[in-house]
Amino acid sequence: MQENSISGLAVVPGPNMSYLTGSKFHLSERPVVLIIEQNKSTFILPELESAKVSGLDADCITYDDKDGPSKAFTQFSENNNFTELGIESRTIRHLELNLLETTKISTKFVDAIDIFAHLRMSKSDKEKECMVKAVEIAQESLESTIHKIKPGVTEKEFASELVIELLRNGSESELPFSPIVASGINAANPHHFPVDKEFEKGDLIIIDWGANYEGYFSDITRTFAVGNEIDSKLQSAYDAVKNANSAARKLAKPGVQAGLVDDAAREIIDSAGFGKYFTHRTGHGLGLEIHEEPYIKPDNDFVLKEGMTFTIEPGIYIPNLGGIRIEDDIYLEQDTALSLTTLPRDLVFLPL
Ligand code: CO
Ligand code: CO
């Protein structure tokens, strides 16, 4: 905050609040705001949630459902006003902003998400352990369910099996996202939602799934074939994606610009003739959020550092034919990219 000349930060329920306080809240109709100053912090929150913060070194102003939140915000504003207040532009709502503004806690707001991003990007050993565990849970869950893919089983049915297995293997119940199971021509849509389509011989199936361990996420994708033969164009595309994934992992290390890692993957897919079908960035940061800094995208001159965690996930999506994505979770060690994901990347043909 000193470096950024910010005297106050307003934090709402979400990953930044969890990161800073260890307490878990949902964004609900009852606002919860943590106001951080350089020498103290104050929670404004519903009385019924106050037990969650009782052990923290923070002041507490509570409200009940009878009075509503504005009295508590007004009480805070009697002694605390900011010429400008740092906010999380992607999380805070009109509900909180309006209370901060009408009670004159501040009337000017600046985006402070970079401050949080810089705190959270490099993971501590404890955070890394949680991510390793989240990867393990996800991998085990796929390995024990993949045999259920057969012609006639639907995308939705398989996705349900995978979810149950993730929970059984120890994922928190709030999964990072609902698994993507996209088969045949559905795999040409990178963010397809599972439907009642049955798997068929010759389909490629993109499975993109993850687990949550103590709030930390994994996010993995593998692509499988049903039967023992696929379209030759899809086979060439598969090889290009696998090589692109490998090239990006080889290049990623501390000191390298994120954009160059994206280039490494993109060049291989371009030169294989599939450039126009690689429609997204190569990867994204991963941790308490499924998408966070650093973004592995074209022209990003951000320099990667030790301890950062992000995905490498090139893909090719050919309309009316199918698609491929191979996504690994990377942890940057001192001079190399360690893949936390260890599932094979060669195309697996699932027996009929
Ligand atoms: Co994914
Ligand atoms: Co991802």
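So, how was this worked out
As a convention, each chain's residues are numbered from 1 in the sequence order in which they are written. Note on labels: chains are lettered from A, ligands numbered from 1, in written order. Residue-level local features of this predicted model are given only where pLDDT is at least 70; pairs of side-chain atoms are given and counted only at 80 or more, and the full residue set underlies all totals for whole chains, interfaces and linings. Only hydrogens and water are set aside when side-chain values are computed; all heavy atoms of the structure are taken into account. Only nitrogen, oxygen and sulfur atoms qualify as donors, and only when within 2.8 Å of the metal (3.2 Å in the case of Na, K and Ca); with water excluded, sites may look incomplete. In short, tetrahedral needs four donors with all angles between 85 and 135 degrees, square planar needs four and octahedral six donors with opposite donors over 155 degrees apart and all other angles between 65 and 115, and whatever is left is irregular. Helical segments are the DSSP runs of H or I of at least four residues, strand segments are the runs of E of at least two, and each set is numbered from the N terminus. Only protein chains enter the calculation, and the probe is 1.4 Å; a residue is then buried if its accessible area is under 20% of its type maximum, exposed if over 50%, and partly exposed in between. Whether two residues touch is decided by their heavy atoms; if any such pair falls within 4.5 Å, the residues are in contact. By definition here, a salt bridge exists when the distance from a side-chain nitrogen of Lys or Arg to a carboxyl oxygen of Asp or Glu is within 4 Å. Domain borders in the structure are assigned automatically or taken from a domain database. When two parts are brought into contact, each loses some accessible area as probed by a 1.4 Å sphere; the total of that loss over both is the buried area. Note: two strands are recorded as paired if DSSP finds a minimum of 2 bridges between them. Here, axes are lines fitted to C-alpha atoms. For helices the fit covers the stretch in contact, and angles between N-to-C directions go from 0 to 180 degrees. Pairing of aromatic side chains here covers Phe, Tyr and the six-membered ring of Trp, requires ring centres within 6.5 Å, and sorts the geometry by plane angle: under 30 degrees stacked, over 60 edge-to-face, intermediate tilted. Charges are assigned to positions over rings by a cutoff of 6 Å between ring centre and Lys NZ or Arg CZ, combined with an angular limit of 35 degrees from the ring normal.

Caption draft 1: View of the coordination of the cobalt ion (ligand 2). Bound to the cobalt ion (ligand 2) are the protein donor atoms Asp219 (OD), His284 (NE2), Glu313 (OE) and Glu327 (OE), situated 2.1 to 2.3 Å from the metal. One way to put it: the four donor atoms around the cobalt ion (ligand 2) meet at angles of 77 to 151°, and that makes the site irregular. Along the chain, the residues donating to the cobalt ion (ligand 2) are arranged with the sequence spacing D-x64-H-x28-E-x13-E. Separating the cobalt ion (ligand 2) from the cobalt ion (ligand 1) is a gap of 3.1 Å, bridged by Asp219, which donates to each. Residue His284 is found in strand S12 (residues 283–285), and its partner Glu313 is found in the loop between strand S14 (309–312) and strand S15 (315–318); the two are separated by 29 residues along the sequence. The class of His284 is buried, set by a relative accessible area of 2%.

Caption draft 2: Quick peek at the environment of Glu214. Its location among the elements puts Glu214 in the loop between strand S9 (212–213) and strand S10 (216–217). Its relative accessible area of 41% is what places Glu214 among the partly exposed residues. Between the alpha carbons of Glu214 and Lys133 there is a distance of 9.3 Å; along the sequence they are 81 residues apart. Filtering out sequence-adjacent residues up to four positions away, Glu214 remains in contact with Lys126, Cys130 and Glu172.

Caption draft 3: Quick peek at the environment of Leu251. With respect to the secondary-structure elements, Leu251 resides in helix H7 (residues 232–251). For Leu251, a relative accessible area of 32% puts it in the partly exposed group. Separated by 86 residues in the primary sequence, Leu251 and Ala337 place their C-alpha atoms 8.1 Å from one another. Leave out the neighbours within four places in its chain, and Leu251 touches Val256, Leu260, Val261 and Ala264.

Caption draft 4: How the structure looks around the pattern of salt bridges. Counted according to the given criterion, the structure contains 23 salt bridges. In the salt-bridge network here, residues are joined through shared partners; they are Arg120, Lys123, Glu289 and Glu292.

Caption draft 5: Up close: the domain arrangement of the protein chain. In terms of domains, the protein chain is made up of domain 1 (8–119) and domain 2 (121–350). Computed over C-alpha atoms, the centres of domain 1 and domain 2 are 35 Å apart. Across the contact, seven residues belong to domain 1 and ten residues belong to domain 2. A buried area of about 790 Å², summed over both sides, lies between domain 1 and domain 2, and 47% of it is on carbon and sulfur atoms. Taken as a group, Pro15, Arg90 and Ala117 account for 49% of the area that domain 1 buries against domain 2, more than any other trio of residues on that side. For the pair domain 1 and domain 2, the interface holds one salt bridge. Taking the shortest distance from any N to any O, the salt bridge between Arg90 and Glu293 comes out at 4.0 Å.

Caption draft 6: Seen up close, the coordination of the cobalt ion (ligand 1). In the first shell of the cobalt ion (ligand 1), the protein supplies Asp208 (OD), Asp208 (OD), Asp219 (OD) and Glu327 (OE), at 2.0 to 2.4 Å from the metal. Of note is the cobalt ion (ligand 1), whose four donor atoms meet at the metal with angles of 57 to 143° in an arrangement that counts as irregular. In primary-sequence terms, the residues that donate to the cobalt ion (ligand 1) follow D-x10-D-x107-E. Its relative accessible area of 5% is what places Asp208 among the buried residues.

Caption draft 7: Molecular detail of the sheet that holds strand S7 (residues 180–183). Reading across from one edge, S7-S8-S11-S19 is the order of the four strands in this open sheet, with mixed pairing throughout. Looking at which strands have only one partner, the edges of the open sheet turn out to be S7 and strand S19 (348–350). Taking the axes of each pair of neighbouring strands and ignoring which way they run, one obtains an average angle of 30° across the sheet. Across six bridges, strand S8 (residues 204–209) lies against strand S11 (residues 220–226) in antiparallel orientation. Bridge pairing links Ile205 to Phe224 in S11. Along the sheet face, helix H6 (residues 155–168) touches S7 and S8 and points at about 150° away from the line of S7.

Caption draft 8: Main features of the packing of aromatic side chains. Applying the stated criterion across every chain yields a total of one aromatic pair. Judged by centre distance (6.1 Å) and plane angle (45°), the rings of Phe25 and Phe43 are tilted. Linking Phe25 in the loop between helix H1 (15–21) and strand S2 (33–37) with Phe43 in strand S3 (residues 41–46), this pair joins segments that are 18 residues apart in sequence. The same class applies to Phe25 as to Phe43, namely buried. Just above the ring of Phe278 sits the side chain of Arg266; from NZ or CZ to the centre is 4.1 Å.

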